[in-house]
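Chain and residue survey
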Amino acid sequence: MLQVLNQYSAVVIAAILMLAAVIFVFRHKPRWQEILALGVITAGLFTAWFTLHPVQTPLMEDAKKVQTMIGQGKPVLLEFQSPY
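This section reports on the structure supplied with the text. Along every chain, residues carry numbers that run from 1 in the direction the sequence is written. It should be noted that, the model being predicted, local features are given only for residues of pLDDT at least 70 and side-chain atom pairs only at 80 or more, the latter also being counted only at that level, while totals for whole chains, interfaces and linings use all residues. Hydrogens and water molecules were not included; the side-chain quantities draw on all heavy atoms of the structure.

**Points about the pattern of salt bridges**
For this document, the term salt bridge refers to a Lys or Arg side-chain nitrogen within 4 Å of an Asp or Glu carboxyl oxygen. In this structure the tally under the stated criterion is 1 salt bridge. Among the salt bridges present, the one from Arg 31 reaches Glu 34, with a minimum N-O distance of 3.7 Å. Look at Arg 31 and you get exposed, because its relative accessible area is 54%. Burial status follows relative accessibility: with a 1.4 Å probe on protein chains alone, a residue under 20% of its type maximum counts as buried, one over 50% as exposed, and anything between as partly exposed. Relative accessible area serves as the criterion here: at 25%, Glu 34 is assigned to the partly exposed category.

And the structure:
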């Protein structure tokens with residue numbers, strides 16, 4: 001459980017902040033502009049996370065294919081990144 005919380009801590013923090021914003025906005029009778037602004041912010045955060053979150057590359061499991069790509073007479077830059 002703690003590993004999942006650590007991996008998705010930005011999502012958890014954003015969800016808690018959005019919940020606090022929803023509670024704050026809906027405590028009184030909100031105007032439609034406030035509801036629209038909250039929806040735009042929520043959609044923007046979701047879009048940013050969906051676009052920028054790390055994913056595995058297609059060559060992650062195919063080590064033989066990567067090894068054949070290396071050493072073909074051209075310089076190769078290998079970049080190793082952790083998805084978390």
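**Description of the layout of surface pockets**
Taking a probe equal in size to a water molecule and rolling it over the atoms shows the remaining empty space. Site definitions follow a grid-based scheme: protein atoms alone, a 1 Å grid, a 1.4 Å probe that fits but cannot get out for cavities, and for pockets an open set with protein on both sides within 12 Å along at least five of seven lines, plus lining residues having an atom within 4 Å of a point. Grid points are joined across faces, edges and corners, and a volume is the space filled by probe spheres set on the points. When its volume is computed, the second largest pocket comes out at roughly 170 Å³. What lines the second largest pocket is Ala 10, Val 11, Ala 14, Ala 15, Met 18, Thr 42, Leu 45, Phe 46, Ala 48 and Trp 49. Runs of H or I in DSSP of at least four residues are treated as helices and runs of E of at least two as strands, each being numbered from the N terminus. At the level of elements, α2 (9-25) and α3 (32-52) are the ones that each hand at least two residues to the lining of the second largest pocket. When residue character is reported, Ala, Val, Leu, Ile, Met, Phe, Trp, Tyr, Cys and Pro are called nonpolar, Asp, Glu, Lys and Arg charged, and the others, Gly included, polar. For the lining of the second largest pocket, the per-class residue count stands at 9 nonpolar, 1 polar and no charged.

**Considering the packing of α2 against α3**
Orientation is described by axes fitted as lines to C-alpha atoms, over the contacting stretch for helices, and by angles from 0 to 180 degrees between their N-to-C directions. It is at 11 Å that the axes of α2 and α3 come closest, and there the two elements cross at 175 degrees. Classified by the angle between their axes, α2 and α3 sit roughly antiparallel to one another. Two secondary-structure elements touch here, α2 through Val 11, Met 18, Ala 21, Val 22 and Val 25 and α3 through Glu 34, Leu 38, Ile 41, Thr 42, Leu 45 and Trp 49. Of the residues contributing to the contact of α2 with α3, the split by class is 9 nonpolar, 1 polar and 1 charged. Any angle from 65 to 115 degrees is called roughly perpendicular, while one under 35 is roughly parallel, one over 145 is roughly antiparallel, and all others are oblique. Should any heavy atoms of two residues lie within 4.5 Å, those residues are considered in contact.

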